[in-house]
Amino acid sequence: QVQLVESGGGLVQPGGSLRLSCAATGSIFRIYATGWYRQAPGNQRELVATITDGGSAVYADSVKGRFTISRDNAKNTAYLQMNSLKPEDTAVYYCKFTVYSNLYRRSDYWGQGTQVTVSS
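In this report, the structure presented in the accompanying data block is examined. (Residues numbered from 1 in each chain as written. Predicted model: local features only at pLDDT ≥ 70, side-chain atom pairs only at ≥ 80, totals over all residues. Heavy atoms only, no water.)

A short note on unusual backbone geometry
Note the cut-off: Helix and strand assignments follow DSSP, with helices taken as H or I runs no shorter than four residues and strands as E runs no shorter than two, numbered in order from the N terminus. Accessibility here uses a 1.4 Å probe with only protein chains present; expressed as a share of the type maximum, an area under 20% marks a residue as buried, one over 50% as exposed, and anything in between as partly exposed.
In this structure, Asn76 is a non-glycine residue whose phi angle is positive, near 50 degrees. Relative to the assigned elements, Asn76 resides in the loop between β7 (67-72) and β8 (77-82). We note that Ser84 has phi near 50 degrees; this positive angle belongs to a residue other than glycine. Among the structural elements, Ser84 can be located in the loop between β8 and β9 (91-100). With a relative accessible area of 41%, Ser84 lands in the partly exposed category.

Okay, here's the thing in structure tokens:
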């Protein structure tokens, strides 16, 4: 089993910045991909950004140029740097790790979610 712990959410004014972190512990052979998703009230959960262990990143159009996803493989931790935040970025943000527990067994794990509120 793998546990994910998120941190870094909070209240920020429009135009401000926040950095989210997600740390994984447990039975980890390899973390293939890490991703950030968000869900606003009344909306479905949507992809924000993902990055593979090779460093290939994909972003939602709505966050391109403002958000940066990164990972520290030595620490089994993923980050989401969010700049130029807008009120429409307000949501609960979830991290997701795709983890190999051995050469063949792959599973997805989700963090508990962290609230990001952008408001003046």
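What to know about the state of the cysteines
Filter applied, for reference: Sulfur atoms of two cysteines make up a disulfide when they are within 2.5 Å.
Tallying each qualifying case throughout the model produces 1 disulfide. The disulfide partner of Cys22 is Cys95, and the gap between their sulfur atoms is 2.0 Å. A torsion of 50 degrees about the S-S bond marks the disulfide between Cys22 and Cys95 as right-handed. One end of the pair, Cys22, is in strand β3 (residues 18-26); the other, Cys95, is in strand β9, and 73 residues separate them in sequence. The exposure classification of Cys22 matches that of Cys95, with both residues buried.

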